[in-house]
Amino acid sequence: MDNLPVELKGPLSGSSAPVVRPLIHDLSRSALQEWCQSHGLPGYRADQIRQWIFGKRVDAFEAMHDVPAAARKKLAEEFDFWAGRIVRHQVATDRTEKLLLALRQGDLVECVLMREPDRNTICVSTQVGCGMGCVFCASGLEGVKRNLSTGEILEQVLRVDRLLTKEERITNIVVMGMGEPLANLKNLLPALDTLHDKGGMGLGARRITISTVGLPEKMRELARHGTPYNLAVSLHAPENSLRTEIVPTNKGTGIEAILAAADDYFEITGRRVTYEYVLLAGKNDGPDQAKQLARLLRERIAHVNLIPMNPVAPIDLSAPAEPRTQMFAEMLEHGGVNVTVRKRKGADIDAACGQLRLTELTMGPA
Ligand code: SAH
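From a predicted model like this one, the values you see are computed outputs, not experimental measurements.

## Structural notes on the overall build of the protein chain
For step 1, the next point in the chain: Across its full length, the protein chain holds twelve helices and twelve strands.
For step 2, the next point in the chain: Once the C-alpha set of the protein chain is aligned to its principal axes, its extents read approximately 70 × 45 × 40 Å.
For step 3, the next point in the chain: Counting over 366 residues, the protein chain shows a buried share of 54%.
For step 4, the next point in the chain: Considering only contacts within the protein chain whose residues lie at least 6 apart along the sequence, 67% involve residues at least 24 apart.
For step 5, the next point in the chain: Distance between charge centroids for the protein chain: 3 Å, based on 45 positive and 45 negative side chains.

Shown next as structure tokens:
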């Protein structure tokens, strides 16, 4: 804990630690209904409470005015409304915003709000750290500490939602922050279902995208879940030896198994799979790789999202120059593959893709 920002050290250590109650956002709708019933309240109170949380952006039980005062008091006695608190809030010149949250156990996670004229997208984390160890990524530098709970995942969305003006709404969710989402599917799915649910945030399934390093069994589990969320697969290389060099988990998996699972995903859900490809200068950005990648994907209903690597201080890898990125994109296009180059957002506050990094934030002053 030595590197934590000063303000985190007090209340989270020693005997002055606050009482930790169950987190309200960890309760599913039916669990909240049960709670209401066991406290002599009609089941519809659960929807009313959820409406205050997801629709009316309150941040305390006592603000839920049409819930009887005794019930509000009981809720406050039994549950925490927030798992933690906002440690830092940064706003970039392009109006991208980043929150650093200290959640349960003082664990730090970041979430990002990206504004575009037609959409407000939030990027959420699913784990504290990451166990995948991709060589260019900041999140994996210190391994994975733990999975976030359903409520902690939701809390990121709720906190960001409360940064918006009355007229603004979150329109899209990308599960591309810290962690491997499919390694925490058990907690992630109830969170996404709540965001999708009409009584939650009411976001369409096609507005929610889950990015994975490529865990075939979990990809199939997600496909069978029944709600067709978008799936993005982090490919980063067109053949196994290079992919294993960049994405260590590829060793036990292999590109073929991942593509087969992605094909199943498309078959079962009808959703076109996106392949993410972080461009690393001199490693995976050459014409041979572009040709190989096109061969791999042109027969598929697929989309490639090229991401020029964002710099990560201790990592000795970088993005290729702009013309080389363009050349790679054009070669894919000529090879019959649908391609876009990802825009970089929030660079001046280190909120760009892959930069959500625990250690960096704990080293500097908050
Ligand atoms: N573990 C999941 C989701 C988190 S990473 C996954 O691997 O997909 C989300 C995306 O950001 C992935 O495509 C990842 O490869 C990319 N990314 C990570 N670090 C990056 C960096 N430094 N620059 C650009 N993209 C990065």
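## A few points about the site of the ligand
For step 1, the next point in the chain: In the region of the ligand, 20 residues are neighbours, and Glu 180, Ser 211, Ser 234, His 236 and Asn 310 sit closest.
For step 2, the next point in the chain: At a separation of 3.5 Å, an oxygen atom of the ligand approaches a polar backbone atom of Thr 212.
For step 3, the next point in the chain: A distance of 2.9 Å separates an oxygen atom of the ligand from a polar atom in the side chain of His 236.
For step 4, the next point in the chain: Considered on its own, the ligand offers 530 Å² of accessible surface; in the complex 97% of this is hidden by protein.
For step 5, the next point in the chain: Counting only elements with at least two residues in the shell around the ligand, the list comes to strand S8 (208–212) and strand S10 (273–279).
For step 6, the next point in the chain: Considered class by class, the residues forming the shell around the ligand number ten nonpolar, eight polar and two charged.

## Description of empty space enclosed by the protein
For step 1, the next point in the chain: The tally for this structure, following the rule as stated, stands at one cavity of 30 Å³ or more.
For step 2, the next point in the chain: Its volume calculated, the largest cavity comes out at about 60 Å³.
For step 3, the next point in the chain: In this structure, the largest cavity is lined by Ile 24, His 25, Leu 27, Leu 32, Arg 50, Ile 53, Phe 54 and Leu 154.
For step 4, the next point in the chain: Take the lining of the largest cavity: its biggest share by element is three residues, from helix H3 (residues 44–55).
For step 5, the next point in the chain: Here the residues of the lining of the largest cavity sort into six nonpolar, one polar and one charged.

## Some thoughts on unusual backbone geometry
Excluding glycine, residues mostly carry a negative phi; peptide bonds, for their part, are mostly trans.
For step 1, the next point in the chain: The residue Gln 105 is not glycine, and still its phi comes out positive at about 65°.
For step 2, the next point in the chain: Residue position: Gln 105 is located in the loop between strand S2 (97–102) and strand S3 (108–116).
For step 3, the next point in the chain: Even without a glycine there, the phi angle at His 236 is positive, about 65°.
For step 4, the next point in the chain: Here His 236 shows up in the loop between strand S9 (230–234) and helix H8 (240–246).

## A short note on the packing of helix H5 (residues 150–161) against helix H6 (residues 185–196)
For step 1, the next point in the chain: Look at H5 against H6: their axes get within 8 Å of each other, and the N-to-C directions meet at 40°. Classified by the angle their axes make, H5 and H6 are oblique. Crossing of H5 over H6 shows right-handed handedness. Taking contact as the criterion, the partners of Thr 150, Ile 153, Leu 154 and Val 157 in H5 are, on H6, Asn 187, Leu 188, Pro 190, Ala 191, Thr 194 and Leu 195.

## Re H3
For step 1, the next point in the chain: Spanning twelve residues, H3 covers 16 Å between terminal C-alpha atoms, matching the ideal 16 Å at 1.5 Å per step.
For step 2, the next point in the chain: Taken together, the buried positions of H3 are occupied by Arg 45, Ala 46, Gln 48, Ile 49, Arg 50, Trp 52, Ile 53 and Phe 54.
For step 3, the next point in the chain: Taken together, the buried residues of H3 touch helix H2 (29–38), helix H4 (69–78), H5 and H6.
For step 4, the next point in the chain: Downstream of H3 by one or two residues, Arg 57 has phi in the positive range, about 55°.

## What to know about the domain arrangement of the protein chain
For step 1, the next point in the chain: Structurally, the protein chain comprises domain 1 (24–78) and domain 2 (84–363).
For step 2, the next point in the chain: With centres defined by C-alpha atoms, the gap from domain 1 to domain 2 works out at 33 Å.
For step 3, the next point in the chain: With nine residues of domain 1 at the interface, the matching set in domain 2 holds 19 residues.
For step 4, the next point in the chain: Between domain 1 and domain 2, roughly 1100 Å² of surface is buried when both sides are summed, and carbon and sulfur atoms account for 46% of that area.
For step 5, the next point in the chain: Sorting the residues of domain 1 by area buried against domain 2 places His 25, Phe 54 and Arg 57 first, and these three jointly supply 65% of that buried surface.
For step 6, the next point in the chain: Salt-bridge contacts for Asp 161 lead to Arg 57; the nearest nitrogen and oxygen are separated by 3.1 Å.
For step 7, the next point in the chain: Of the residues that constitute the side of domain 1 that touches domain 2, the class distribution is four nonpolar, one polar and four charged.

Quick notes on the rules
- Residues numbered from 1 in each chain as written.
- Predicted model: local features only at pLDDT ≥ 70, side-chain atom pairs only at ≥ 80, totals over all residues.
- Heavy atoms only, no water.
- Helix = DSSP H or I, 4+ residues; strand = E, 2+ residues; numbered from the N terminus.
- Buried < 20%, exposed > 50% of the residue type's maximum accessible area, 1.4 Å probe, protein only.
- Contact = heavy atoms within 4.5 Å.
- Lys, Arg positive; Asp, Glu negative; His and termini not counted.
- Charge placed at Lys NZ, Arg CZ, Asp CG, Glu CD.
- Near = heavy atom within 4 Å.
- Polar contact = N/O pair within 3.5 Å; in protein donor to acceptor, adjacent residues only side chain to side chain.
- Areas by Shrake-Rupley, 256 points an atom, 1.4 Å probe, with all protein chains shown as cover.
- Nonpolar A, V, L, I, M, F, W, Y, C, P; charged D, E, K, R; others polar.
- 1 Å grid on protein atoms, 1.4 Å probe; cavity = no way out; pocket = protein on both sides within 12 Å on 5 of 7 lines; lining within 4 Å.
- Points joined across faces, edges and corners; volume = space filled by probe spheres on them.
- Axes fitted to C-alpha atoms, helices over the stretch in contact; angles between N-to-C directions.
- Parallel < 35°, antiparallel > 145°, perpendicular 65-115°, else oblique.
- Left-handed = near helix turned anticlockwise from the far one by under 90°.
- Expected span 1.5 Å × (residues − 1).
- Domains from an automatic or database assignment.
- Buried area = accessible area lost by both parts, 1.4 Å probe.
- Salt bridge = Lys/Arg side-chain N within 4 Å of Asp/Glu carboxyl O.

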